[in-house]
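Structural features, examined
Here's the letter readout for the chains.
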Amino acid sequence: MRDKYVLSGARLATMEPGAPYGMIEAGAVAIDRAAIVWCGPEDSLPAEYKNWPHEDLGGRLVTPGLIDCHTHIVFGGDRAGEFEMRLNGASYEEVAKAGGGIVSTVTATRSADLDALVAGALPRLDALLAEGVTSVEVKSGYGLDRDTELNMLRAARRLGELRDVTVKTTFLGAHAVPAEYADRADEYLDEVCLPTLRAAYAEGLVDAVDGFCEGIAFSAEQMARVFDVAAELGLPVKLHAEQLSHQGGSKLAADRGALSVDHVEYATEEDARAMAASGSVAVLLPGAFYTIRETQLPPMEHFRAHGVPIALATDCNPGSSPLTSLLLTLNMGCTLFRLTPEEALAGVTTHAARALGLSDRGRIAPGLRADLVVWDVARPAELAYRIGFNPLHARVIGGKLEVRT
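Counting of residues starts from 1 at the beginning of each chain's written sequence and follows it residue by residue. Given that the model is predicted, a residue must reach a pLDDT of at least 70 before its local features are reported, and side-chain atom pairs must reach 80 or more before they are shown or counted; all residues, however, enter totals for whole chains, interfaces and linings. Hydrogens and waters are ignored; side-chain quantities use all the structure's heavy atoms.

Overview of the overall build of the protein
- A run of H or I in DSSP becomes a helix once it reaches four residues, and a run of E becomes a strand once it reaches two; helices and strands are each numbered from the N terminus. In terms of helices and strands, the protein carries 16 helices and 15 strands.
- Here the C-alpha coordinates of the protein stretch approximately 70 × 50 × 45 Å along the principal axes.
- Buried residues are those whose accessible area, probed at 1.4 Å on protein chains only, stays under 20% of the maximum for their type, while exposed residues exceed 50% and partly exposed ones sit between those limits. Taken over 405 residues, the protein has a buried fraction of 58%.
- Between two residues, a contact is recorded if the distance between any of their heavy atoms is within 4.5 Å. For the protein, long-range pairs separated by at least 24 residues make up 70% of all intrachain contacts whose partners lie at least 6 apart in sequence.
- Under the convention used here, a 1.4 Å probe and the Shrake-Rupley method define accessible areas, while residue burial counts only the protein chains that appear. Summed over all atoms, the accessible surface of the protein reaches about 15,600 Å², with 51% contributed by carbon and sulfur.

Structural notes on the sheet that holds strand β14 (residues 392–397)
- What makes two strands pair is DSSP finding at least two bridges between them. Taking strand neighbours across the sheet as the criterion, the seven strands line up as β3-β2-β1-β4-β13-β14-β15 in an open arrangement whose pairing is mixed. Two strands lie at the open edges of the sheet, namely β3 (35–41) and β15 (400–403), each paired on one side alone. The sheet shows a mean angle of 35 degrees between the axes of neighbouring strands, direction not considered.
- The sheet contact formed by strand β2 (residues 23–32) and β3 spans six bridges and is antiparallel. Along β3, the bridge assignment pairs I31 with I36. Under this scheme, a helix contributes an axis fitted over its contacting stretch, all axes are lines through C-alpha atoms, and angles between N-to-C directions fall in the 0 to 180 degree range.

Here we look at the environment of A182
- By secondary structure assignment, the location of A182 is in the loop between β7 (166–174) and α7 (185–202).
- By relative accessible area, A182 is classed as partly exposed at 46%.
- Each C-alpha atom of the pair A182 and V118 lies 29 Å from the other, and the pair is 64 residues apart in sequence.

Re the pattern of salt bridges
- Within this document, salt bridges are pairs made up of a side-chain nitrogen of Lys or Arg and a carboxyl oxygen of Asp or Glu, the two lying within 4 Å of each other. Going through the model one piece at a time under the given rule, you end up with 30 salt bridges.
- Its salt-bridge partner being E82, residue R86 comes within 3.5 Å of it at the nearest N-O pair. Placement of the pair is R86 and E82 together in helix α2 (residues 80–87), with a separation of four residues, close to one helical turn.
- In this structure R86 comes out as partly exposed when scored by relative accessible area, which is 22%.
- Taking the shortest distance from any N to any O, the salt bridge between K139 and E137 comes out at 2.6 Å. Just as K139 is buried, E137 falls in that class too.
- Salt bridges linked by common partners bring E137, K139, D210 and K238 together as one network.

So, the side chain of H393
- Within the fold, H393 resides in strand β14.
- Here a polar contact is taken to be a pair of N or O atoms separated by no more than 3.5 Å, where protein atoms must pair a possible hydrogen donor with a possible acceptor and residues adjacent in sequence count only if both atoms sit in side chains. A distance of 3.5 Å separates polar atoms of two side chains, one belonging to H393 and the other to R60.
- Residues contacting H393, with those up to four places away along its chain left out, are R60, V374, W375, D376, E402, V403 and R404.

Description of the sheet that holds strand β6 (residues 133–139)
- Pairing in this open sheet of eight strands is parallel, and the strands run β5-β6-β7-β8-β9-β10-β11-β12 from one edge to the other. Strands at the two margins of the open sheet, each flanked by one partner only, are β5 (66–68) and β12 (310–312). Put simply, the sheet's adjacent strands are angled 25 degrees from each other on average, direction ignored.
- With three bridges joining them, strand β10 (residues 260–263) and strand β11 (residues 281–284) adopt parallel strand pairing. Looking at the pairing, D262 lines up with V283 of β11.

Here's the deal with the pairing of strand β8 (residues 208–213)
- Of all six residues making up β8, six are buried, and the element is well covered by its neighbours.
- Judged by which residues are buried, β8 turns out to be covered on both faces: A208, D210 and F212 on one side and V209, G211 and C213 on the other are all buried.
- As paired elements, β7 and β8 share three bridges and run parallel to each other. By the bridge assignment, T170 is partnered in β8 with A208.
- Tracing the backbone out of β7, into α7 and back to the parallel element β8 gives a crossover that is right-handed.
- Pairing of β8 with strand β9 (residues 238–241), which is carried by two bridges, proceeds in the parallel orientation. Across the sheet, F212 pairs through a bridge with H240, a residue of β9.
- Handedness of a crossover is defined as follows: with both strands directed away from the viewer, a clockwise route from the first strand across the helix to the second makes it right-handed. Crossover β8 to β9 through helix α8 (residues 220–233) is right-handed.

Notes on helix α6 (residues 146–162)
- If you check α6, its first and last C-alpha atoms are 25 Å apart, about what 17 residues at 1.5 Å a residue would give, namely 24 Å.
- Looking at α6, one finds that the buried residues are T148, E149, L150, N151, M152, L153, A155, A156 and L159.
- Buried residues along α6 sit against α4 (102–111), α5 (114–129), β6, β7 and α7. Any helix carries an expected span of 1.5 Å times its number of residues minus one.

A closer look at the side chain of T63
- Among the structural elements, T63 can be located in strand β4 (residues 54–64).
- Within polar-contact distance, the side chain of T63 engages the side chain of W375 at 2.9 Å.
- Residues within four places of T63 in sequence aside, it is in contact with A13, L345, I364, L372, V373, W375 and L383.

Here's the deal with the packing of aromatic side chains
- Aromatic rings from Phe, Tyr and Trp, with only the six-membered ring used for Trp, were paired whenever their centres fell within 6.5 Å, and each pair was classed as stacked if the ring planes differed by under 30 degrees, edge-to-face if by over 60, and tilted otherwise. Applying the stated criterion across every chain yields a total of five aromatic pairs.
- Aromatic pair Y181 and Y188: ring centres 5.8 Å apart, planes at 65 degrees, arrangement edge-to-face. You'll find Y181 and Y188 in the same group, each marked buried.
- One aromatic cluster is present, built from ring pairs that chain together Y181, Y188 and F218.
- Our definition puts a charge over a ring when NZ of Lys or CZ of Arg is within 6 Å of the ring centre and also within 35 degrees of the ring normal. Residue placement shows R2 over the ring face of Y5; its charged tip is 4.9 Å from the ring centre.
- If you follow R124 out to its NZ or CZ, it ends over the ring of F75, 3.7 Å from the centre.

Structure follows, in structure tokens:
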């Protein structure tokens, strides 16, 4: 690996304010180890960088590294069987009685050891990396007991050791109430969720805290208790909110300065105002919207009107979004939610970085981390336009150039 070099002959979608996509035609990027030290028009390359080794990209497009800011890629088993059952006419009740739903994933995840969880997640992670992902968030939430929740977070940390990718871990113990605590959600929080959060923090396993605020999961009041412990530990929060109904989670998350509020199909203009005031990112998850055949669109006009940053993510999970393509997510964000291609690309770079609290990436600018993607496309809109096509030429991760073979 070269410590210092220049990417030349590039078209740069810097995602900086100004021109659409922050485009610089005939641009160059100077990289010193893991950092960008200069970028701009190639004919303005400072003399101090002209003698560095050059990697001529032949006019290819360069974007910031892609960031998948909401995933559940660590889990056991799969839900293909119940997918088939539903399409053959089984009701959700029949699927549940057959052991399907989140119960089946919890059972499979609890029965998997650490090595099995890592082995199962690696192909999903590799699929994301093959499309230019350089940072990924991984949640717990399918153990719902102390040992399995901790193992899920350990597996996520292991993924970051086995692959060239930044992994941010999120504790999602408040994902669902396990069967053994049916109708006793508060007891579950007291006896399992909150003690496990403290244990995960003590082991250095958690970067943020999440929960599912919904009628089938936890109320806003119960989530406030989880957020209280997160604040005590100095951990940022985020929240699955307003996915299936309006439960007040978006306002709670915004009031607590959440990094992001995710799903948000049933959010209101008041929620948008609160999120804008707090700087919370609205993370849209079109894979789940598509899979569960949702018809309630997120309030895009309110998010835009009030300046709420909008991110996109795969929500990769075994039940409602078995999606491991962030490029397809770009297309779905445009097609289903009417994002523009520029908004979609910002949603998996600049705003996705913000949703993870990563201020050192998401744009191409001096002083930021050298996480970049080189694409075989003529214009940025192609990344959202094409379906099932991967134009990746190379990934730059922490300054290390990896050319696709």
